[in-house]
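# Inside the fold
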Amino acid sequence: MQTSLRLVASCLIAGMVLSACGGGNSGGGILPAGSPTQSTGSPSAQTPTSSVPKTAGTLAYTDMGAAPQTTPVSVTLTLNYNHQAQLDQLVAQQADPTSPMYHHYLTSDEFNSYYAPTAQQEQSVIFALQRAGFTITQQYSNRTLIEASAPAATVESFFSTQIHMVNQGKFGARYVNVKPAVVPAAIAPLVHAVTTSNVVVAHTGAHVQSALSLSSLIASTTMPGVAHIPAQRASRKLTLSPQVKTREAMLAKYATPFATGNVIGNPGFESGAFSPWFPCGNGYATIDTSDPHSGHYDAFTGNLANNLGEEYGLDGVCQQVTVPTNGQLSFYVNEGTSETSTYNADQEADLFDANGNYLTNLYTENGNTNGYVHRSYNIGAYAGQQVIIFVGIYGSGSFSDYNYVYLDDASLTNGSSPTPAPSPTPVPTATPSPKPTATPSPKPTASPTPKPTASPTPKPTASPTPVPTATPAPTPTPVAGGTCTGNADNGPLSGSNGWLATGVAKAFDYPVQHGCNGAGETVAVEIDTPINTSDVAGYLSAAGITQTGTITNEAVNGGGNASSADYTETALDVETISGLAPGANIIVYNFPDLSSQSIEAGYNQTVSDGKASVVNSSFGGCESSDTAFTNTTNTIAEQAAAKGMTFVASSGDSGSDECGTGNNPPGVSSPATDPYFTAVGAVNFTDTSAGTLASITSGSDSSNGFLSGGGVSTIFALPSYQQGVANMVSTGRNDPDVSLPGVGVMVYANGSPMQVDGTSWSSPEFVALMAEANQLHGSPLGFINPTLYSIFTKTGYTDFTDVTSGNNGAYNAGTGYDLVTGIGAPKGWALANAL
């Protein structure tokens, strides 16, 4: 029987006319039912995808005009696969239980020898780039991405485009092509897509409830063109959720009783982390080692003179404390700015009460201190009160300016009298601490999925078809069933900061409750910051879970910033998986930022490594913002599917309005709408005293601005696996596929517990479920969307829970499939067995 299977596979993959195969020819025939995409049209008529990124909302940018001709610009070219129609057919049959190719996956070598671009095709593109003056910065073993760099003038000439500098708010100065790039005719048949921009196209979705954030303080002063008027401070209001009160108990373990010394915890940041400080405002403050006042660490906010592109709005560090009698607050700051008026920008320190109400300004200036100076203030008027201390900047968003502050050695003691005058303490001038820039990393091209209904989804060109040197053979038939002997999650269901792992595992009957804890499986987390495993340990201790799997960080293109505001997302993803699937190994693929080139690099590295069977993406952005990115991520996911990997993404946290149009028209989140991804939405739920599911509604939290995302793609047509399902909108890919809890989870980040909302929680929950299902079956389940919908159409809600209450703006939850929660919530153990 095994020989027969290999023969069938060889016929399918090689596409040769063999009598034993019953004839046929390469690339011919009609794709089988269940194929998510069918290649049509003449390959020579296909045009490489390029788009002008048009980000919105928090990702919006301001055009600052043409980039200087010498500006370094990075580009990523995604190359076409060979034998695209056969690849589409193979992936469809790998997900079809009636096919002899069912769950027979390719190794990387097998994929590269037949479907990947040939070495000659890759070299043709490289030579063309080099002749034009590009430097090749990265190549990959799968030969599907090429990364290169050149001055803006060279990029504009080669791709017939224009490069402009933009200010992307808190993301600073970036560059973007304002005309679609045109690939030269000589290499166009080999190229699937090209990216010539480094703007951030996606954002994380972890909405923090209990960790304090000053984002609401800048609500009245962050609209473009509105000046920063100090007199407006009194109207600022920090809205805090009820859960913030639990932070006071946490703070007590850090603060020394004021009668005996300094009330401020971690006063010189010598722990190498923030806690109990926390980034606030824009959230881009970092722990720094370049210019401490004493010791080894300080906190840095803003941008230096060698990194022009001032962020917009309030940013800094905060700590909540109880003010002692005659409280004397002091700290050291080293400041610099090119700004000359505090009307537009400044460095400042303020106090807010524990409910977020503005109390007072300690100082505001445009300082150039040329070293550290000492600030000291008597705040005894607030003795016995909980206050939030803020030290940071207000940025104008000017492309040509800089504004920064270093903070170190803070103290709040039971002093005797105020010392208002700052006394300069000469220290060497601040050494610039450049922040990592996103270096695009080539990613594997994946076959386009459903034909786009609006923007064209380029299909791989039938460029020189390589003669296979070896016919890829499928992996051996998987063992029927794995071994599940792990311990069930049996910790507390929830804590003061929200749901814990056992609460979800019991309510949704996860396989871990039946011994399948993910042992032997490896999952990947894609994100722009690495994980600090001490936070995971803190979470698992609170959750009462013992982890047996491993956690490792894998840096891509230099890796991410451990002090980034997105760190809470990393902690959420890793802690969710380690709590629900404690036996699984986790690799955190971290990259510099959430620009298209960085994300693609992370995906490509993961697929090339081939270590993970399930891949999580808890981020997204408006699907139509960058169609080249949308198409490229989907083609990478198809390569992953051929290798037996499951790609999962959160459906977004802005309801049906991901594109910020006020639902005119509604918009969806990418990459969740990519047909080769499983899109996961959110639900709210309650449980019984025994932990079983009591009630369920669609995911939302009005106090936190959270609505679970969903809607209809304008890029991808309705895939075949959704065709024939009741309530589907026929104009495009419907999103989400399934939903899991997304409101009120406890996360441990930077040493502190907090409560978080978002589909960013739902997605790693599904990843954990898939790791356990893979263990149960003893084999990767790969691209599961066809199987999910097949199970649903055959057995209805035997393996899912229908969610019929709630809405996400434009759409309502209802009986059967809906654009709010998809099919509904998986019944973990039942669905794992049905897959």
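What comes next is a walk through the structure.

Conventions and cut-offs
Residues numbered from 1 in each chain as written. Predicted model: local features only at pLDDT ≥ 70, side-chain atom pairs only at ≥ 80, totals over all residues. Heavy atoms only, no water. Axes fitted to C-alpha atoms, helices over the stretch in contact; angles between N-to-C directions. Helix = DSSP H or I, 4+ residues; strand = E, 2+ residues; numbered from the N terminus. Parallel < 35°, antiparallel > 145°, perpendicular 65-115°, else oblique. Left-handed = near helix turned anticlockwise from the far one by under 90°. Contact = heavy atoms within 4.5 Å. Nonpolar A, V, L, I, M, F, W, Y, C, P; charged D, E, K, R; others polar. Phe/Tyr/Trp six-rings, centres within 6.5 Å; stacked < 30°, edge-to-face > 60°. Buried < 20%, exposed > 50% of the residue type's maximum accessible area, 1.4 Å probe, protein only. Lys NZ or Arg CZ within 6 Å of the ring centre and 35° of its normal. Pairing = 2+ DSSP bridges. Salt bridge = Lys/Arg side-chain N within 4 Å of Asp/Glu carboxyl O. Polar contact = N/O pair within 3.5 Å; in protein donor to acceptor, adjacent residues only side chain to side chain. Core = buried A, V, L, I, M, F, W, Y, C linked by side-chain atoms within 4.5 Å. Disulfide = S-S within 2.5 Å.

## With respect to the packing of helix α4 (residues 119–132) against helix α5 (residues 152–159)
- Two numbers describe how α4 lies on α5: the axes approach to 10 Å, and their chain directions differ by 125°. The pairing of α4 with α5 is recorded here as oblique in orientation. Taken as a pair, α4 and α5 cross one another with a handedness that is right-handed. For the pair α4 and α5, the contacting residues are Ala128, Leu129 and Ala132 in the first and Thr154, Phe158 and Phe159 in the second.
- For the contact of α4 with α5, the class distribution of residues is five nonpolar, one polar and no charged.

## Focus: the packing of aromatic side chains
- Inspection of the entire model under this criterion finds 24 aromatic pairs.
- Judged by centre distance (5.6 Å) and plane angle (40°), the rings of Phe111 and Tyr115 are tilted. As far as burial versus exposure is concerned, Phe111 and Tyr115 are alike and both buried.
- Taken together, a centroid distance of 6.2 Å and an interplanar angle of 85° make the contact between Phe792 and Phe800 edge-to-face. Grouping residues by exposure puts Phe792 and Phe800 together as buried.
- Connected via pairs of aromatic rings, a cluster forms that spans Tyr676, Tyr721, Phe783, Tyr789 and Tyr817.
- Directly above the aromatic system of Tyr363 lies the positively charged group of Arg375, at a separation of 4.6 Å from the ring centroid.

## Some words on helix α8 (residues 533–543)
- Those residues of α8 that fall on the buried side of the exposure criterion are Asp535, Val536, Gly538, Tyr539, Leu540 and Ala543.
- Of the surrounding elements, those touching the buried residues of α8 are α7 (501–507), β24 (551–555), α9 (567–580) and β37 (745–749).
- Positive backbone phi, approximately 70°, marks Gly544, located one or two places after α8.

## Observations regarding the sheet that holds strand β1 (residues 62–66)
- Pairing is antiparallel in the open sheet, where three strands are placed in the order β1-β5-β6. Taken across any chain shown, the strands that pair with only one partner, and hence form the sheet edges, are β1 and β6 (173–177). Strand-to-strand twist across the sheet, computed as the mean angle between neighbouring axes with direction ignored, equals 35°.
- Pairing analysis gives five bridges linking strand β5 (residues 163–167) to β6, with the strands arranged antiparallel. The residue of β6 that forms the bridge with Ile163 is Asn177.

## Thoughts on the pattern of salt bridges
- Inspection of every chain in the model, using the stated rule, returns four salt bridges.
- A salt bridge links Arg375 to Glu335; the shortest N-O distance between them is 3.5 Å. A residue pair is termed long-range when its members are at least 10 positions apart, and Arg375 in strand β17 (residues 373–378) and Glu335 in strand β14 (residues 327–337) qualify at 40 residues. Glu335 carries the same exposure label as Arg375, and that label is buried.
- As a salt-bridge pair, Glu365 and Arg375 come within 2.4 Å of each other at their nearest N and O atoms. Taken together, the residues span a long stretch of sequence, with Glu365 in strand β16 (residues 358–365) and Arg375 in strand β17 at a distance of 10 residues.
- With a relative accessible area of 22%, Glu365 lands in the partly exposed category.
- Among the charged side chains, a salt-bridge network with shared partners connects Glu335, Glu365 and Arg375.

## Quick look at the side chain of Asn517
- Locating Asn517 in the fold gives a position in the loop between α7 and β23 (522–527).
- Within the structure, the side chain of Asn517 is placed 3.0 Å from the backbone nitrogen of Ala519, a separation counted as a polar contact.
- Those residues within four positions of Asn517 in sequence are excluded, and the remaining contacts are Gly486, Val512, Thr548, Ala581, Pro582, Gly583, Ala584, Glu772 and Gln775.

## Considering the sheet that holds strand β27 (residues 619–622)
- Strand order across the open sheet formed by three strands is β8-β27-β29, with antiparallel pairing between neighbours. Either end of the sheet is taken by a strand with one partner, and the two such strands are β8 (203–204) and β29 (669–670).
- Relative to β29, β27 runs antiparallel, the two sharing two bridges. Bridged to Cys622 within β29 is Ser669.

## Details of the nonpolar core
- Of all hydrophobic cores here, the largest spans 122 residues; its most connected members are Phe508, Tyr510, Ile599, Phe647 and Phe766.
- If you tally residues by element for this core, the top one is helix α12 (residues 759–777), at nine residues.
- With near-sequence residues (within four places) excluded, Phe766 lies in contact with Tyr510, Val648, Thr678, Val680, Val738, Leu740, Ile784, Leu788 and Pro826.
- Ile287, Ala299, Leu351 and Val391 belong to the second-largest nonpolar core, a separate cluster that totals 30 residues.

## Points about the state of the cysteines
- Inspection of the entire model under this criterion finds three disulfides.
- The disulfide partner of Cys280 is Cys318, and the gap between their sulfur atoms is 2.3 Å. An S-S torsion of about 90° defines the bridge between Cys280 and Cys318 as right-handed. Of this pair, Cys280 sits in strand β10 (residues 278–281) while Cys318 sits in strand β13 (residues 312–322), placing them 38 residues apart in sequence. As far as burial versus exposure is concerned, Cys280 and Cys318 are alike and both buried.
- Sulfur-sulfur distance for the disulfide between Cys484 and Cys516 comes to 1.9 Å. Here Cys484 and Cys516 share a disulfide; its torsion about the S-S bond, 95°, makes the bridge right-handed. Of this pair, Cys484 sits in the loop between β20 (423–424) and β21 (494–495) while Cys516 sits in the loop between α7 and β23, and the two are 32 residues apart along the sequence.

## Some details on the environment of Leu718
- Of note, Leu718 is situated in the loop between β34 (711–712) and β35 (734–735).
- By relative accessible area, which is 16% here, Leu718 ends up buried.
- Residues Leu718 and Met728, spaced 10 residues apart in sequence, show a C-alpha to C-alpha distance of 8.7 Å.

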